[in-house]
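What follows is each chain in one-letter form.
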Amino acid sequence: MRKGTLAVKQTPAIARRIPDQSTASEFGGLWDGAHLIRSFLWSQETTDEEALLTLFLARVRRLFNVDFCCGTILFGSDKPVEVGLPEASLAQLPANFALRCLDLIAASRIPVTRRHPYGTFGFRSAVFVPLTPIMAQPLGFLMLGHSTSRIFSPSELVLLQSLAGELSWAVRDISSKKSYHRLLSTISHEINNPLNLVLEYSRLLRKRLSALLSDEHQRHFQGLEDGAADVLNLLNGLIDGAVAHEGKAAVAEGAMELASVLEEVLLPFREQAKEKDIELEVQYGSHLPAQIITDALKFKQIVRNLVDNAVKFTARGRVQLNVEVKAGLLEISVSDTGIGIEDSLLRKIFEPTDQVDSALNPARQGVGIGLSVVKALSEFLKGHLHVRSRPGEGSQFTVCLPCE
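A brief look at the structure comes next. What you see is a predicted model, and the numbers here were worked out from it, not measured in a lab.

The topology assignment puts Ser 168 in helix 6 (residues 154–208). Under the relative-accessibility criterion, Ser 168 is labelled buried at 0%. Discounting chain neighbours no more than four positions away, the residues touching Ser 168 are Leu 131, Thr 132 and Leu 139.

Written out as structure tokens, the structure is:
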């Protein structure tokens, strides 16, 4: 070697790390196919685990070119869901097949490969992949089998594990939707009957006492009846179309007098605030339009729930409603000097299943189920909701809605 010349010798270990062109091309094809399956999982709208698993397995079978694949879901359904493709091969598996597979992958969260796993099952090589568990509860597994002895490459195993994680997410999402719908149906039923009684008794009392009631009392009765009727209409919409959760219900848009609607919504809360010795203030921005185009029923329910939540959890001080237009959006902000919310609970305050416990235990620094309704309705009206809160310093909830 001549002086001044630097020679670099590539070691075998380094050489092995450089994939050849065919390996990179193979991985690229698998990656593209896996991305299509991910897109399917992200965009699917089915609420049936078996249908989801069947469609998923059909795509996985084509991508990895295997003779047989099956999947079992143990979580999120009334009974275990088992799907195999082709279906005829599923009948050849023993009755305890699922338990044996779970035992095989119990100690591992990565794909497990086997040569000649169970000779009588009709395949000579297989890979078993656990679905990502939640709270230590087994979610299920996938199995890909081949009639000939085959080695699954590291690229295939990595992508297969990734797809199993995506499927786990989709299964939990379906379970969450089902739980939401069950909760919504139960709560709606429990609220519907008392509200109908309130509405009917209010109308009866107003009719019988009409000669004795002042104009102010008449307005109070009317506000009570209007509020009960609005909630009943909203509950019926939630039951029939799962408003904002499925995005299939219609928006009843129309021109709405902004100030008069807000004053109508605030009327009963002024009395509540007065009884608790709380100041209820309203501030309107200088450039507010007289009318906006929106769904008046859902708009009123958003404001009603925000103010109700603020008054409910404020023992002293004030509750303030600010309404203004910023960057083409109508901002409805409700702030209070209440108990505030801990950082650890901020992520849960919009979950309907968490709100039941919070509403039953006000001292828990939680909120009522109204906030989950506010979030759903805000998103349904193409808006968004954000919150700022600190324990002991109160909270501020702001809904931003498109306005015309």
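On to the nonpolar core, then. Ranked by internal contacts, the top residues of the largest apolar core, which has 36 residues, are Leu 258, Phe 299, Ile 302, Leu 306 and Phe 397. Secondary structure elements with two or more residues in this core: helix 8 (258–275), helix 9 (296–312), strand 9 (318–326), strand 10 (329–336), helix 12 (370–380) and strand 12 (394–402). Those residues in contact with Ile 302 that sit more than four places away from it in its chain are Val 374, Leu 377, Ser 378, Leu 381, Val 399 and Leu 401.

Time to look at the packing of helix 8 against helix 9. The axes of two packed helices give the description: the angle between them and the distance between them. Where helix 8 contacts helix 9, the two axes come as close as 10 Å, and the packing angle between them is 30 degrees. Taken together, the axis directions place helix 8 and helix 9 in an arrangement best described as roughly parallel. For the pair helix 8 and helix 9, the sense of crossing is right-handed. On the side of helix 8, the interface is formed by Leu 258, Val 261, Leu 262, Glu 264, Val 265, Leu 266, Phe 269 and Gln 272, while helix 9 contributes Phe 299, Lys 300, Val 303, Arg 304, Val 307, Asp 308 and Val 311. In terms of residue class, the contact of helix 8 with helix 9 is made up of ten nonpolar, one polar and four charged.

One pass over the full model with this rule turns up eight salt bridges. Two residues, Arg 150 and Glu 156, come together in a salt bridge whose shortest N-O distance is 2.7 Å. In this structure, Asp 295 and Lys 298 form a salt bridge, with 2.9 Å as the shortest nitrogen-oxygen distance.

Two modes of strand pairing occur in sheets, parallel and antiparallel, and in both the strands are linked by backbone hydrogen bonds. The strand order 7-9-10-12-11 describes an open sheet built from five strands, whose pairing is mixed. Two strands bound the open sheet, and with one partner strand each, they are strand 7 (279–284) and strand 11 (384–390). Strand after strand, the sheet turns through a mean of 10 degrees between neighbouring axes, direction not considered. When strand 11 meets strand 12, the two strands line up antiparallel, connected through seven bridges.

The next thing to look at is the packing of aromatic side chains. What the rule picks out here adds up to zero aromatic pairs. The ring of Trp 31 has Arg 38 lying over it, and the distance from NZ or CZ to the ring centre is 4.8 Å. Sitting over the ring of Phe 40, Arg 59 keeps its end group 4.0 Å from the ring centre.

Before going further, it helps to examine helix 9. Its 17 residues give helix 9 an end-to-end C-alpha distance of 24 Å, which sits within 8% of 24 Å, the value for a rise of 1.5 Å per residue. With 13 of 17 residues buried, helix 9 is to be regarded as a mostly interior element.

Cut-off values and rules
Residues numbered from 1 in each chain as written. Predicted model: local features only at pLDDT ≥ 70, side-chain atom pairs only at ≥ 80, totals over all residues. Heavy atoms only, no water. Helix = DSSP H or I, 4+ residues; strand = E, 2+ residues; numbered from the N terminus. Buried < 20%, exposed > 50% of the residue type's maximum accessible area, 1.4 Å probe, protein only. Contact = heavy atoms within 4.5 Å. Core = buried A, V, L, I, M, F, W, Y, C linked by side-chain atoms within 4.5 Å. Axes fitted to C-alpha atoms, helices over the stretch in contact; angles between N-to-C directions. Parallel < 35°, antiparallel > 145°, perpendicular 65-115°, else oblique. Left-handed = near helix turned anticlockwise from the far one by under 90°. Nonpolar A, V, L, I, M, F, W, Y, C, P; charged D, E, K, R; others polar. Salt bridge = Lys/Arg side-chain N within 4 Å of Asp/Glu carboxyl O. Pairing = 2+ DSSP bridges. Phe/Tyr/Trp six-rings, centres within 6.5 Å; stacked < 30°, edge-to-face > 60°. Lys NZ or Arg CZ within 6 Å of the ring centre and 35° of its normal. Expected span 1.5 Å × (residues − 1).

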